[in-house]
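# A closer look at the structure
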Amino acid sequence: MMLSDGKLPVFLFPTALNFYADDQSSHKQVLTVYNPYEFALKFKVLSTAPRKYLVVDPEGTVKPRCCIDIVIRHTAVSSSNVGVTDKFRIHVYQHGQRQVSGRKDVPSSLIPGEMCIQLHAFVFT
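All residue numbers refer to positions counted from 1 along the written sequence of the respective chain. Given that this is a predicted model, residues contribute local features only at a pLDDT of at least 70 and side-chain atom pairs are listed and counted only at 80 or more, while totals for whole chains, interfaces and linings are drawn from all residues. Excluded from the side-chain calculations are hydrogens and water; all other atoms, namely the structure's heavy atoms, are used.

### Observations concerning the packing of aromatic side chains
Pairing of aromatic rings covers Phe, Tyr and Trp, the last counted by its six-membered ring, and requires centre-to-centre distances within 6.5 Å; plane angles under 30 degrees mean stacked, over 60 mean edge-to-face, and any other angle means tilted. Under the counting rule described, the total for this entry stands at four aromatic pairs. Their ring planes at 50 degrees and their centres at 6.5 Å tell us that Phe11 and Tyr37 sit as a pair that is tilted. Taken together, the residues span a long stretch of sequence, with Phe11 in strand β1 (residues 11–13) and Tyr37 in the loop between β3 (28–35) and β4 (41–47) at a distance of 26 residues. Look at Phe19 and Tyr53: their rings are 5.9 Å apart centre to centre, the planes differ by 50 degrees, and that puts the pair in the tilted class. Placement of the pair is Phe19 in strand β2 (residues 17–20) and Tyr53 in strand β5 (residues 53–55), with a sequence separation of 34 residues. Residue classification places Tyr53 among the buried positions, given a relative accessible area of 7%. Secondary structure elements are defined from DSSP: runs of H or I of at least 4 residues count as helices, runs of E of at least 2 residues count as strands, and each element is numbered from the N terminus. Exposure classes here rest on a 1.4 Å probe applied to the protein chains alone. A residue is buried below 20% of its type maximum, exposed above 50%, and partly exposed in between.

Given below as structure tokens:
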């Protein structure tokens with residue numbers, strides 16, 4: 001199931017990651033990569049801000065007709081990062097190939113929360 005440009009569609013959930021500054025439980029998100037194909041896929045997770053995130057197992061293989069969960073932790077929760085949108089790019093490769101078979105971008109944002117707004121007001125008042 002290749003597209004007209006020869007690329008494979010990449011299936012991910014969720015399509016965006018939202019981390020909430022005042023909710024520590026949200027500082028860890030799960031990104032699921034689905035492989036609906038009859039062949040294995042390799043994947044690699046890239047980021048526009050690698051120092052702000054920890055990606056557990058950023059490379060791996062998804063078996064045919066299976067899925068895999070990738071854990072992403074926001075490690076730079078601070079008022080200076082609130083409202084900033086970063087991106088993760090997921091590359092997929094057909095197993096045994098070096099050329100990227102498909103890719104998808106996932107935006108990631110740190111959303112302000114009550115605690116972060118209070119901290120921001122305290123620092124600048």
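That was the structure; now back to the text.
### Focus on the sheet that holds strand β6 (residues 59–62)
Strand pairing is defined by DSSP finding a minimum of two bridges between the two strands. Here five strands make up an open sheet; going across it, the order is β2-β9-β8-β4-β6 and the pairing mixed. Among the strands making up the open sheet, the edge pair consists of β2 and β6. Adjacent strand axes in the sheet meet at a mean angle of 25 degrees, parallel and antiparallel pairs treated alike. Note that strand β8 (residues 85–94) and strand β9 (residues 102–111) share eight bridges and pair antiparallel. In the sheet register, Arg89 faces β9, and the bridge partner there is Asp105. Between N-to-C directions, angles cover 0 to 180 degrees, with each direction set by a line fitted to C-alpha atoms, over the stretch in contact for helices.

Treat this as a map of the structure, not an account of what it does.
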